[in-house]
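Now for the letters of each chain:
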Amino acid sequence: QISGLLKVRDSAGIHSRSKLEIVAATDNVYAAHVGDRLAVKLGGDWSPTGGGWEQAVSGDRWCVWIKN
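Residues numbered from 1 in each chain as written. Predicted model: local features only at pLDDT ≥ 70, side-chain atom pairs only at ≥ 80, totals over all residues. Heavy atoms only, no water.

K.L.:
Would you mind going over the nonpolar core with me for this structure?
P.N.:
For soluble globular proteins, the rule of thumb is that nonpolar side chains tend to be buried together. Grouped together as the largest cluster of nonpolar side chains are eleven residues: V8, A12, I14, A32, V34, L38, V40, V57, W62, V64 and I66. For this core, the elements supplying multiple residues, two or more each, are helix 1 (2–12), strand 2 (29–34), strand 3 (38–43) and strand 5 (62–67). The greatest single-element share of this core, amounting to three residues, is contributed by strand 5. Filtering out sequence-adjacent residues up to four positions away, V34 remains in contact with I14, S18, K19, L20 and V40. (Core = buried A, V, L, I, M, F, W, Y, C linked by side-chain atoms within 4.5 Å. Buried < 20%, exposed > 50% of the residue type's maximum accessible area, 1.4 Å probe, protein only. Helix = DSSP H or I, 4+ residues; strand = E, 2+ residues; numbered from the N terminus. Contact = heavy atoms within 4.5 Å.)

K.L.:
Would you explain a nonpolar patch on the surface in this entry?
P.N.:
Taken together, the side chains of L20, I22, Y30 and L42 define a hydrophobic patch exposed on the protein surface, amounting to about 370 Å² of accessible area. As for its position among the elements, I22 is in strand 1 (residues 20–25). Look at I22 and you get partly exposed, because its relative accessible area is 49%. (Patch = residues over 30% accessible without salt bridge, like charges linked within 9 Å, V, L, I, M, F, W, Y side chains within 5 Å. Areas by Shrake-Rupley, 256 points an atom, 1.4 Å probe, with all protein chains shown as cover. Salt bridge = Lys/Arg side-chain N within 4 Å of Asp/Glu carboxyl O.)

Bear in mind that shape data such as this cannot, by itself, settle questions of function.
Laid out in structure tokens, this is it:
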């Protein structure tokens, strides 16, 4: 899973100064868009809206998507 996270980070061009937009922060879910091409959620049900998102890597109650 760590290798997958590193690969998707590189593919999306994410770095330490990438823009972060928190789109959900509740007791059940935390979700954010990172840069223009990455979305991440921790916890409950959530997925990015709009077209072009592809699930890149996931685990127990977390997921990362990349936008093509």
